[in-house]
Number of protein chains: 2
Amino acid sequence: MLRRTLFGLAPALVMAGTRRPWKEVERMIETGGFKGRLSVDDLPTPALLVDLDALDWNIAKMAAHCKQKGLALRPHGKTHKCPEIAKKLVAAGAVGACAAKLSEAEAFAKGGIGGLLVTTAVIGQHKIERAAALARIKPETILCVDNPRNAAELDEAARAAKLRLNVAIDLYVGNRTGIKTGAPAAALAKEIDGLKGLKLAGLQAYAGHAAHRNGFEARRELSRNVMATAVETKKLIEAAGIACPLLTGGSTGTYNIDCDIAGMTELQPGSFVFMDIDYARIGGPDGPVYKDFRHSLTVLTTVVSKPSDAEAVVDGGLKAFSTDKPFMPIAKGIEGIGFAWGGDEHGKLNLSKASRAVALGDRLEFVIPHCDPTVNLYDRMFGVRGQQVETCWAVTARGMSQ
Amino acid sequence: MLRRTLFGLAPALVMAGTRRPWKEVERMIETGGFKGRLSVDDLPTPALLVDLDALDWNIAKMAAHCKQKGLALRPHGKTHKCPEIAKKLVAAGAVGACAAKLSEAEAFAKGGIGGLLVTTAVIGQHKIERAAALARIKPETILCVDNPRNAAELDEAARAAKLRLNVAIDLYVGNRTGIKTGAPAAALAKEIDGLKGLKLAGLQAYAGHAAHRNGFEARRELSRNVMATAVETKKLIEAAGIACPLLTGGSTGTYNIDCDIAGMTELQPGSFVFMDIDYARIGGPDGPVYKDFRHSLTVLTTVVSKPSDAEAVVDGGLKAFSTDKPFMPIAKGIEGIGFAWGGDEHGKLNLSKASRAVALGDRLEFVIPHCDPTVNLYDRMFGVRGQQVETCWAVTARGMSQ
């Protein structure tokens with residue numbers, strides 16, 4: 001804060017070297033040798049920041065919840081794409097990590113994470129070859145399947161590689177991917193049970209539309225209804241004498257709903273580690289704002305133009321924030337700032353109602369509309385406590401959508 | 001096409017090795033040794049494809065236009081972020097490349113591109129240190145300035161480094177960054193003229209709101225009006241005896257408007273290399289569709305789930321396409337496909353009016369809503385002619401928003 005004030009009042013002091021030179025900062029970031037010596041004000045913007053106190057708090061809360069409810073926790077890694085955060089979750093009790101795509105799972109495996117569940121079906125010769133290679137390194141990996149032909153192809157590849165691949169049947173409970181619950185899923189389970197190269201781990205039931213349903217009661221009703229069909233399917237498979245131990249699903253929006261559905265064995269929430277504006281607005285049991293987890297993720301920007309007293313332009317636009325939600329970034333620590341997209345590279349601020357003055361060169365932090373696709377824009381995230389930068393973590397699975 | 005058909009009809013053939021193994025494809029992609037041997041069907045999806053015929057056509061058209069109009073062409077590299085495309089543009093006659101941010105310019109410089117113009121002001125000690133380092137390697141680099149304090153800081157850094165930095169005054173003509181045209185800009189020009197470390201290259205006037213104004217006549221009127229103020233500012237500066245050779249601006253939407261404004265010396269369009277759905281809808285002189293350039297950029301996806309006859313899910317969602325425009329990706333080569341976002345990882349297709357059947361494992365190409373932020377999601381793009389993959393180019397400046 002001292003430096004920022006000096007910069008605002010006396011640029012010559014900054015130029016004279018108030019901050020350490022960029023070359024030194026760059027070297028510290030590259031090598032990681034900066035504990036306690038690097039300030040948030042030293043970071044090049046736009047930068048992705050993680051408040052480590054809030055992150056730790058969120059992780060501890062979800063881990064304690066699952067432990068108390070007797071459920072496994074396999075947090076979805078598509079949110080953070082960061083092996084270091086996956087390791088923190090495992091240290092807190094998680095059984096592993098979900099990965100949205102095979103290439104994301106490969107990145108986690110390289111980063112030392114086991115207990116992987118790939119939540120999208122692995123389709124086509126090349127992806128199947130890669131899945132078999134992954135299973136050779138991490139034999140406990142579970143792949144999702146929703147189609148008999150894909151199951152047959154996985155089986156053939158597994159037998160050719162002298163492997164047995166764990167598969168979970170992906171159920172159509174979220175209007176997206178999956179096989180229909182009930183008889184179609186049970187028939188697929190029977191087919192899989194007859195394939196020597198595959199082992200049925202159980203079922204995946206992810207209801208994305210329930211996760212974001214506004215209002216706690218409406219969300220509870222929707223999630224209970226759709227998950228009931230998954231529970232029934234599990235019973236149907238077990239009644240046929242086929243072991244079906246796993247029923248994985250749930251989200252940050254339904255973690256405190258799905259945990260009470262008899263038959264669920266595992267939760268796979270992702271966004272709780274960071275939270276975002278979109279999730280905050282879905283409502284909690286006690287009101288319209290969902291407060292179960294803390295906002296730990298922000299984007300740090302710099303004011304790079306000041307066209308008038310009431311306007312400022314920051315260096316974060318469509319390439320610094322995801323834009324799939326109808327919400328704008330919210331400034332942290334200043335009230336009354338209006339944000340509008342200023343194209344690929346800029347955010348336009350309306351300062352007419354701002355609670356404090358904003359000057360050229362000021363560094364502003366913004367809470368983000370949607371965490372997952374925003375994280376996917378960055379190669380690294382900086383873990384901070386207050387103004388101190390403690391860590392720089394590689395977003396290893398950034399761009400791994402294959 | 002043969003392989004795709006086989007896969008649809010006889011998966012066993014594919015499993016038996018119709019395609020070369022993934023390890024071989026991966027090695028070919030890594031080393032680049034695949035000319036004429038790699039098919040689009042071999043690429044892992046989602047993948048960013050560039051139709052090289054369309055790209056070459058677009059580049060040739062814009063280069064010929066600028067040559068005919070006697071204007072310099074400095075295409076904006078924030079669109080492609082790819083030194084190989086910047087080199088193609090220079091080979092066609094471009095004087096260099098624009099870069100939105102300093103880190104993007106650094107990436108282009110490392111990729112062998114000169115004639116750089118950094119279109120966002122370089123603010124703060126560290127960025128100024130980096131700009132001076134860039135100017136040492138590429139002395140012709142031009143930096144944008146819109147504030148006297150920033151000019152003074154750049155001057156101090158330049159003199160300390162025994163350099164002279166080229167600067168262009170960024171004018172506020174697009175409701176975003178810049179100093180007001182007329183007297184404020186002329187006063188800044190006078191200040192810069194008095195600073196030994198800086199050399200005034202001229203003016204930048206980028207009117208983003210004009211670029212995307214719908215309807216050719218409305219766009220022409222708007223662009224002419226705002227650019228007139230830039231031209232007047234140039235005259236004002238020159239009338240004060242200060243050399244102001246450069247007036248750079250223009251866009252894919254106004255390249256054929258701004259070229260006829262007396263006083264403009266340079267165009268800096270970006271999107272024309274790829275085109276996108278957003279630009280197609282702004283209208284041309286001959287109708288509601290803007291047809292001056294061809295769509296060269298697509299995202300290739302795979303159908304990874306087929307919940308019903310009328311539904312398919314592809315493996316491209318919010319992390320495979322930018323979502324800042326209110327348009328959906330459009331399938332190439334199939335009519336009547338409805339597209340809806342299926343979360344971070346998936347696109348949901350409505351096939352009820354599709355002109356042909358779509359099966360699990362099919363590979364579908366989509367024309368994209370907005371090119372720049374979509375390119376920013378990928379580490380590489382594949383240059384294709386028909387079904388043949390000719391090149392794999394690194395998107396070197398991907399993520400370089402600093």
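Residues numbered from 1 in each chain as written. Chains lettered and ligands numbered in written order. Predicted model: local features only at pLDDT ≥ 70, side-chain atom pairs only at ≥ 80, totals over all residues. Heavy atoms only, no water.

### Things to note about the interface of chain A and chain B
Contacts between chain A and chain B engage 74 residues on the former and 75 residues on the latter. Of the roughly 6400 Å² buried where chain A meets chain B, counting both sides, 53% is carbon and sulfur surface. A salt bridge links B:Asp379 to A:Arg398, with the shortest nitrogen-to-oxygen separation between them at 3.0 Å. Linking chain A to chain B there are 39 residue pairs in polar contact (both at pLDDT 80 or more). Sorting the residues of the side of chain A that touches chain B by element identifies α1 (2–9), α2 (11–15), α3 (22–31), α7 (125–137), α8 (148–160), β10 (297–308), β11 (311–314) and α14 (371–375) of chain A as the ones contributing at least two each. For the side of chain A that touches chain B, the class distribution of residues is 23 nonpolar, 25 polar and 26 charged. (Contact = heavy atoms within 4.5 Å. Buried area = accessible area lost by both parts, 1.4 Å probe. Salt bridge = Lys/Arg side-chain N within 4 Å of Asp/Glu carboxyl O. Polar contact = N/O pair within 3.5 Å; in protein donor to acceptor, adjacent residues only side chain to side chain. Helix = DSSP H or I, 4+ residues; strand = E, 2+ residues; numbered from the N terminus. Nonpolar A, V, L, I, M, F, W, Y, C, P; charged D, E, K, R; others polar.)

### Quick look at the side chain of B:Lys78
One can find B:Lys78 in the loop between β2 (72–73) and α5 (83–91). Within the structure, B:Lys78 has its side chain in polar contact with the side chain of B:Asp372 (distance 3.1 Å).

### Focus: the relation of the copies chain A and chain B
When chain A is brought onto chain B, the operation consists of a screw motion whose angular component is 180 degrees and whose axial shift is 0.0 Å, with 0.0 Å RMSD remaining. Both copies of the chain, as the preceding transformation shows, are related through a two-fold rotation axis. Considering only C-alpha atoms, the part of chain A nearest the rotation axis is A:Thr323, at 3.0 Å. The residues that chain A uses at the interface reappear at the interface of chain B in 100% of cases, marking a shared surface. (Least-squares fit on C-alpha atoms with pLDDT ≥ 70 in both.)

### With respect to empty space enclosed by the protein
Following the criterion strictly, the structure yields seven cavities of 30 Å³ or more and no others. There is about 240 Å³ of room inside the largest cavity. Every element with two or more residues in the lining of the largest cavity is listed here: β10 of chain A together with α7 (125–137) of chain B. The greatest single-element share of the lining of the largest cavity, amounting to four residues, is contributed by α7(B). Taken together, the residues of the lining of the largest cavity sort by class into ten nonpolar, eight polar and seven charged. By volume, the second largest cavity amounts to about 170 Å³. Lining the second largest cavity are 17 residues; nearest its centre among them are A:Ile123, A:Gly124, A:Lys127, B:Arg19 and B:Arg363. A per-element tally of the lining of the second largest cavity places α7(A) first, with four residues. Grouping the constituent residues of the lining of the second largest cavity by class yields five nonpolar, six polar and six charged. (1 Å grid on protein atoms, 1.4 Å probe; cavity = no way out; pocket = protein on both sides within 12 Å on 5 of 7 lines; lining within 4 Å. Points joined across faces, edges and corners; volume = space filled by probe spheres on them.)

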